[in-house]
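Here are the chains, one letter per residue:
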Amino acid sequence: MDNKNSYTGYNIKTQNFEGPLDLLLFLVRNYEINIYDIPISEITDQFLEYIGLMKKLDIEIASEFIVMAAHLMLIKSRMMLPVEEDLEVEDDPRVDLVQQLLEYQKFKEAASTLDSSFAVNSEVLERKADQILLDFPDDEDNWVEVKIFDLINAFSRLIGEEGKTKPTFSVFDDIEEDYDPEEKIRQIQSVLDIKGKVLFHELFSFEVRRGEIITVFLAILHMIKRLSIVVKQHKMFGDITLFPKSVTGDKL
Amino acid sequence: MSVEEKKALIEALLFIENEPVPYGVICKHADITKSEMAKYMKELQDDYEVRQSGLLINEVAEGYQMIAHPRFSLILSKIYGVKNKSKLSKVSLEVLAIIAYKQPVTRAEIESVRGVSTERTIKQLLEKDLITIVGRRETVGRPIELGTTKHFLKIFNLKSVKDLPQIREIKEMEFNKTD
């Protein structure tokens, strides 16, 4: 690749491309090339030139650009191979790339369409949320499923509080303790069997050591993953509550 | 309850709630079918229109929401000092568009469209509650499938996923500028 000599004075804008496809699309559009008949050799040179430029400007080159460059060169070399006339029309090695570019282009447009509906939405003014609403009954409608991020937030609050209230943590606390989430799962399950539900923070109220708190949280995550519990929260009363999965169908 | 009473009840319901009220909730409380609901909503919306109401019933995120009429949005945002809603970056929009149109979609599929790693953007979108994990693909590795949320519909003022604007099919002509 003799790049230095092939510099033809193209003024490639050093805009930030989202990825190799973005750059390729830019090149295709900028040089008014027919996308169904990309002159692979030229495009490859321009692509490499851009990478060279990125190097010069000391922009970190994402590995994806290198992969694409290699891919372009592969296509280029395939196209140089002689094609036997009597063979059925060999697949154009560029077909996949063109498909990919078209697909990418489609979603780039979709993204800008989305952006304009976002602009429309900025005219939507809804009522302020902080009014005190009616007393919500304990209905199914008023229980919403808790998202994993909410759970993580609740957990980090818990860890934070615990750090504040018990600052006398000893570093030796956790040494040689055996924490077993499976054991905790069994415990939580038995509470659920008896009571039918349990509050998230209740599960942590007896735990003193950080390691134990983490174990309980792990146990909860395991149970969610195994679909043995559902975690829900009442719109109004806010306590995160664990329910056994089987019951939720009819009771909640 | 007469039809007029039911319409009035729906109106009251929309007034009380500040978030979009799901179709199902409206139907249940007013004891009506979905097609009846659509009809009543249209009538309510027309009523508002005729008397140039300051309110608007907007169909969004698989429900209806009572909002201030957009013609007052400028004045109102001055009064209340509403901040401009933070815009999404170009990358986020791209990834979101792919997820919206192709859902349920795996991360690998998103990346094959964009040609770049998108892990961080996906994480951001998850945190913003614009997308969510909708399931797992029953293939090797059982990868997570992503889809958009109701919050997404609300943010982009869409009735449902089906309401997404049609993607303009790229015509060959556009690329054949040289021809």
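Residues numbered from 1 in each chain as written. Chains lettered and ligands numbered in written order. Predicted model: local features only at pLDDT ≥ 70, side-chain atom pairs only at ≥ 80, totals over all residues. Heavy atoms only, no water.

Undergrad: Quick question: what am I supposed to make of the confidence of the model for chain B here?
TA: Residues shown with low pLDDT carry predicted positions that ought not to be read at fine detail. Within chain B, residue pLDDT values average 88, and 91% of them lie at 70 or more. The low-confidence segment residues 170-179 of chain B (pLDDT under 50) makes 23 contacts with residues lying over four places distant or belonging to another chain. (pLDDT = per-residue confidence, 0-100. Contact = heavy atoms within 4.5 Å.)

Undergrad: Whenever I open this one, the pairing of strand β3 (residues 229-234) of chain A confuses me. Can you help?
TA: Each regular strand shows side chains that alternate between the opposite faces of the sheet. Residue and element names in this part refer to chain A. Here β3 lies mainly inside the structure; five of its six residues are buried. The pairing of strand β1 (residues 143-145) with β3 spans three bridges and is classified as antiparallel. By the bridge assignment, V144 is partnered in β3 with Q233. (Buried < 20%, exposed > 50% of the residue type's maximum accessible area, 1.4 Å probe, protein only. Helix = DSSP H or I, 4+ residues; strand = E, 2+ residues; numbered from the N terminus. Pairing = 2+ DSSP bridges.)

Undergrad: Even after reading the chapter, I still don't get the packing of helix α1 (residues 20-30) of chain A against helix α2 (residues 40-56) of chain A, so can you show me in this structure?
TA: Packed helix pairs are characterised by how far apart their axes lie and by the angle those axes make with each other. Residue and element names in this part refer to chain A. For the pair α1 and α2, the least separation of the axes is 11 Å and the interaxial angle reads 125°. By the angle class used here, α1 and α2 are oblique. Two packed elements cross with a definite hand, and for α1 against α2 that hand is right-handed. Here P20, L23, L24, L27 and V28 of α1 come into contact with α2, specifically with I43, Q46, F47 and Y50. Within the contact of α1 with α2, the residues separate by chemical class into eight nonpolar, one polar and no charged. (Axes fitted to C-alpha atoms, helices over the stretch in contact; angles between N-to-C directions. Parallel < 35°, antiparallel > 145°, perpendicular 65-115°, else oblique. Left-handed = near helix turned anticlockwise from the far one by under 90°. Nonpolar A, V, L, I, M, F, W, Y, C, P; charged D, E, K, R; others polar.)

Undergrad: Quick question: what am I supposed to make of the nonpolar core here?
TA: Soluble globular proteins: nonpolar side chains tend toward being buried together. Counting 31 residues, the largest nonpolar core has L114 of chain A together with L96, I99, I110, I131, F152 and F156 of chain B as the members making the most contacts within it. Here this core gets seven residues from one element, more than from any other, and that element is helix α5 (residues 90-102) of chain B. Other than its neighbours up to four places away in sequence, I110 of chain B contacts V95, I98, I99, V105, T118, I122 and L146 of chain B. Ranked by size, the runner-up nonpolar core spans 28 residues in total, among them V28, I35, Y50 and L72 of chain A. (Core = buried A, V, L, I, M, F, W, Y, C linked by side-chain atoms within 4.5 Å.)

Undergrad: I keep staring at the interface of chain A and chain B and nothing clicks. Help me out?
TA: Frequently, the measure chosen for interface size is the accessible area removed from exposure when the parts meet. With 47 residues of chain A at the contact, the number on the chain B side is 58 residues. Together chain A and chain B conceal approximately 4800 Å² of surface at their shared face, both sides included; 59% is due to carbon and sulfur atoms. Per-residue buried area on chain A facing chain B is highest for L114, F118 and L125 of chain A; these three make up 15% of the total on that side. Put simply, chain A and chain B have three salt bridges between them. Across the salt bridge formed by K147 of chain A and D129 of chain B, the nearest N and O atoms sit 3.6 Å from each other. Our count for the chain A to chain B interface comes out at seven residue pairs in polar contact (both at pLDDT 80 or more). Among the secondary structure elements, those contributing two or more residues to the side of chain A that touches chain B are α1 and α4 (95-121) of chain A. Counting residues per element, the side of chain A that touches chain B draws most heavily on α4 of chain A, at 18 residues. Taken together, the residues of the side of chain A that touches chain B sort by class into 21 nonpolar, nine polar and 17 charged. (Buried area = accessible area lost by both parts, 1.4 Å probe. Salt bridge = Lys/Arg side-chain N within 4 Å of Asp/Glu carboxyl O. Polar contact = N/O pair within 3.5 Å; in protein donor to acceptor, adjacent residues only side chain to side chain.)

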